[in-house]
Amino acid sequence: MDRIVALMRDKNHHLEKFYWINEQELLNFGVGNFESVENFYGARERILNSINELDALIDDESALANPADIVEAVRDELETLLRSKDELVKAILAQDLQVLAYIEHEKSNIIRELRASATAKRAVGAYANAERIKQLDQE
């Protein structure tokens, strides 16, 4: 059971790292800085892979454990670790909603800018065509 407790602690540690990476990037997104978004997603992906590996190890260890052999102190610690994990996951989900909102807002801004740019290009193109037609008429 000590191995399961150690794995759960490690998993919670990884979830805390995930939370703090999100927190730092939310500060960047809040001021419109999206330059490190690829690194941000890469770091998140690496942590999630580690968490998946830890989950597999926890599952393997749990399959070998006999629930009747778990002493109350270990059971209490596991329950505390599970509650902590649940709180971290809820906090991370709330952060992810903020991340998505910032990205959607930035995407909307980029689309507006692209549309404005396309409109400006059409206007310039129309003006240039009108000028060429006038030149041809004059010749």
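Residues numbered from 1 in each chain as written. Predicted model: local features only at pLDDT ≥ 70, side-chain atom pairs only at ≥ 80, totals over all residues. Heavy atoms only, no water.

Trainee: Explain the side chain of Gln95 here, please?
Mentor: Relative to the elements of secondary structure, Gln95 occurs in helix α3 (residues 72-138). Separated by 3.1 Å, the side chains of Gln95 and Asn22 make a polar contact. A polar contact is formed between the side chain of Gln95 and the side chain of Glu23, at a distance of 2.7 Å. Setting aside residues up to four positions removed in sequence, Gln95 forms contacts with Tyr19, Asn22, Glu23 and Leu26. (Helix = DSSP H or I, 4+ residues; strand = E, 2+ residues; numbered from the N terminus. Polar contact = N/O pair within 3.5 Å; in protein donor to acceptor, adjacent residues only side chain to side chain. Contact = heavy atoms within 4.5 Å.)

Trainee: I'm lost on the pattern of salt bridges in this one. Help?
Mentor: When their charged atoms lie close together, side chains carrying opposite charge are able to pair. Under the criterion given, the structure shown has six salt bridges. Residue Asp86 is joined to Lys85 by a salt bridge in which the shortest nitrogen-to-oxygen separation is 3.1 Å. Its relative accessible area of 17% is what places Lys85 among the buried residues. (Salt bridge = Lys/Arg side-chain N within 4 Å of Asp/Glu carboxyl O. Buried < 20%, exposed > 50% of the residue type's maximum accessible area, 1.4 Å probe, protein only.)

Trainee: Help me out: how do you make sense of the layout of surface pockets in this one?
Mentor: Taking a probe equal in size to a water molecule and rolling it over the atoms shows the remaining empty space. What the largest pocket holds in volume is close to 180 Å³. Around the largest pocket, the lining comprises 13 residues; the ones closest to its centre are Met1, Ile4, Ile70, Leu78 and Leu82. Contributions of two or more residues to the lining of the largest pocket are made by α1 (2-30), α2 (37-64) and α3. Here the lining of the largest pocket is built from residues that sort into nine nonpolar, two polar and two charged. (1 Å grid on protein atoms, 1.4 Å probe; cavity = no way out; pocket = protein on both sides within 12 Å on 5 of 7 lines; lining within 4 Å. Points joined across faces, edges and corners; volume = space filled by probe spheres on them. Nonpolar A, V, L, I, M, F, W, Y, C, P; charged D, E, K, R; others polar.)

Trainee: What is the right way to read the nonpolar core from this model?
Mentor: The nonpolar side chains of a soluble globular protein tend to be buried with one another. Residues Ile4, Val5, Leu7, Met8, Leu54, Ile58, Ile70, Val74, Leu78 and Leu81 constitute the largest nonpolar core, which totals 10 residues. Every element with two or more residues in this core is listed here: α1, α2 and α3. With four residues, the single largest contributor to this core is α1. With residues up to four places along the chain from it excluded, the contact list for Leu7 reads Leu54, Leu57, Ile58 and Glu61. One finds Leu15, Phe18, Ile47 and Ile51 within the second-largest nonpolar core, a separate group that totals six residues. (Core = buried A, V, L, I, M, F, W, Y, C linked by side-chain atoms within 4.5 Å.)

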